[in-house]
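Structural overview
This is what each chain is made of:
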Amino acid sequence: MEKKKKILIVEDEKNIAQVLLYNLVKAGYEAEVASDGGAGLARGSSGEFDLILLDIMLPVMNGFEVCERLRRVTQVPIIFVTAREEEKDKILGLDTGADDYVTKPFSFRELLSRIRANIRRSSSEPVAEKKAEQSEPILIGDLCIDRERYSVTRKGEEIELSKKDYDFLVFLAENAGHAYSRAELLEQVWGYDGYIGDVRNVDVTVCRLRNKLEDDPGRPEYLLTKRGVGYYLRLP
Ligand code: CA
């Protein structure tokens, strides 16, 4: 039998934590609750978990800080659980390193499909890594995407990207010249059925990447918009 996936719930509201714990166990996961940011960071760094659900307003240390510090030690999928629109905007705007977010109140069914999609993505990565070992760097203009080293450089200068932004760029680079709709990109890069995800995720990712890749983000030369279709990376 396959080993149960283990989820860490970082949540200070006892009722919410208990409901999540109960439902996750019922859905076949192992789950554990950390009730403040410090405990969340300590448990989340342990390497024992397949995914972390992270509240934002937390005692000791807020969720943004927990996420940032976790990202220094682990690539475990992190889903923010937000209570407010402002928090959602902050997640989208900041390079927090989170893989996803859900807004309270959420349906457990929706949360579960996000959890599945994120775990599926992260556990399928070893295969992708193996494939990448044999792949040549992709060169597009001054841009060099080296999948073997997980690095992106422009004119020889390293560009720091979050894991999601990197995945997004690699997907477009491997299919350079082909334009994808935002829903297609959500499905391909985030692993959702289009109707679940927020297409704004795609726009914000494009905006962030343009700021890092382009000389003039307002007049991009690499990551281009195809009117009425979506986005694409120009051909080498
Ligand atoms: Ca809270």
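Each chain has its residues counted from 1, running along the sequence as written. Per-residue local features are limited, in this predicted model, to residues with pLDDT of at least 70; the limit for side-chain atom pairs, both in listing and counting, is 80 or more; totals at the level of whole chains, interfaces and linings are taken over all residues. Computation of side-chain values covers all heavy atoms of the structure but excludes hydrogens and water.

**Some thoughts on helix α8 (residues 182-190)**
- The cut-offs for exposure are 20% and 50% of the maximum accessible area for each residue type, with area from a 1.4 Å probe on protein chains only; residues under the lower value are buried, those over the upper are exposed, and the others partly exposed. Here a helix means four or more residues in a row that DSSP labels H or I, a strand means two or more in a row labelled E, and each is numbered from the N terminus. Looking only at α8, the buried set comprises Leu-185, Leu-186, Val-189 and Trp-190. Angularly, the buried residues of α8 cover 105° about the axis, an arc narrow enough to put them on a single face.
- Contact criterion: two residues are considered in contact whenever any of their non-hydrogen atoms come within 4.5 Å of each other. Looking at the packing, one finds that the buried side of α8 touches α5 (108-123), α7 (163-174), α9 (200-213) and β11 (230-233). Working note: the arc is built from the helix axis to C-beta atom directions.

**Here we look at the sheet that holds strand β9 (residues 157-158)**
- At least two bridges found by DSSP between two strands is the condition for calling them paired. Read across the sheet, 4 strands follow the order β6-β7-β8-β9 without closing on themselves; strand pairing throughout is antiparallel. Whereas interior strands pair on both sides, the edge strands pair on one side only; in this sheet they are β6 (138-140) and β9.
- Orientation is described by lines fitted to C-alpha atoms, with helices fitted over the stretch in contact, and by angles between N-to-C directions that extend from 0 to 180 degrees. Across the face of the sheet, α7 comes into contact with β6, β7 (143-146) and β8 (151-154) while running at roughly 105° to β7.

**Digging into the packing of aromatic side chains**
- Any two rings among Phe, Tyr and Trp, with Trp reduced to its six-membered ring, count as a pair given centres within 6.5 Å; such a pair is stacked if its planes are under 30 degrees apart, edge-to-face if over 60, and tilted if neither. Taken as a whole and assessed by the stated rule, the structure comprises 4 aromatic pairs.
- Judged by centre distance (5.3 Å) and plane angle (35°), the ring pair of Tyr-150 and Tyr-166 falls under tilted. A residue pair is termed long-range when its members are at least 10 positions apart, and Tyr-150 in the loop between β7 and β8 and Tyr-166 in helix α7 qualify at 16 residues.
- An angle of 55° between the planes, with centres 4.8 Å apart, marks the rings of Phe-171 and Tyr-180 as tilted.
- Residue classification places Phe-171 among the buried residues on the basis of a relative accessible area of 12%.
- Judged by relative accessible area, which is 11%, Tyr-180 ranks as buried.
- Its end group placed over the ring of Phe-49, Lys-6 keeps NZ or CZ at 5.2 Å from the ring centre. For a Lys NZ or an Arg CZ to count as sitting over a ring, it must be within 6 Å of the ring centre and within 35 degrees of the ring normal.

**Notes on the coordination of the calcium ion**
- Donor selection uses N, O and S atoms within 2.8 Å of the metal (3.2 Å for Na, K and Ca). Since no water is included, sites may look incomplete. Taken together, Asp-12 (OD), Asp-55 (OD) and Met-57 (O) make up the full set of protein donors to the calcium ion, lying 2.1 to 2.3 Å away.
- Along the chain, the residues donating to the calcium ion are arranged with the sequence spacing D-x42-D-x1-M.
- Look at Asp-55 and you get buried, because its relative accessible area is 4%.

**A short note on empty space enclosed by the protein**
- Cavity: a set of points on a 1 Å grid over the protein atoms alone where a 1.4 Å probe fits but cannot get out. Pocket: an open set with protein on both sides within 12 Å along at least five of seven lines, its lining residues, like those of a cavity, having an atom within 4 Å of a point. Grid points are joined across faces, edges and corners, and a volume is the space filled by probe spheres set on the points. Counted by the stated rule, this structure contains 2 cavities of 30 Å³ or more.
- Its volume calculated, the second largest cavity comes out at about 30 Å³.
- If you trace the second largest cavity, you find it lined by Arg-71, Gly-97, Ala-98, Asp-99, Ser-162, Lys-163 and Lys-164.
- All amino acids are sorted into three groups, where Ala, Val, Leu, Ile, Met, Phe, Trp, Tyr, Cys and Pro are nonpolar, Asp, Glu, Lys and Arg are charged, and the leftover types, Gly among them, are polar. Its residues assigned to classes, the lining of the second largest cavity comprises 1 nonpolar, 2 polar and 4 charged.

**With respect to the nonpolar core**
- Definition of nonpolar core: a set of buried residues of the types Ala, Val, Leu, Ile, Met, Phe, Trp, Tyr and Cys, connected through side-chain atoms within 4.5 Å. Formed by 29 residues in total, the largest nonpolar core has its most connected members in Val-152, Phe-168, Leu-169, Leu-172, Leu-185, Val-202 and Leu-233.
- Mapped by element, the contributors of at least two residues to this core are β6, β7, α7, α8, α9 and β11.
- Here this core takes 7 residues from α7, the largest share from any one element.
- If sequence neighbours within four positions are ignored, Leu-185 has contacts with Phe-168, Phe-171, Leu-172, Tyr-180, Trp-190, Val-202 and Tyr-231.

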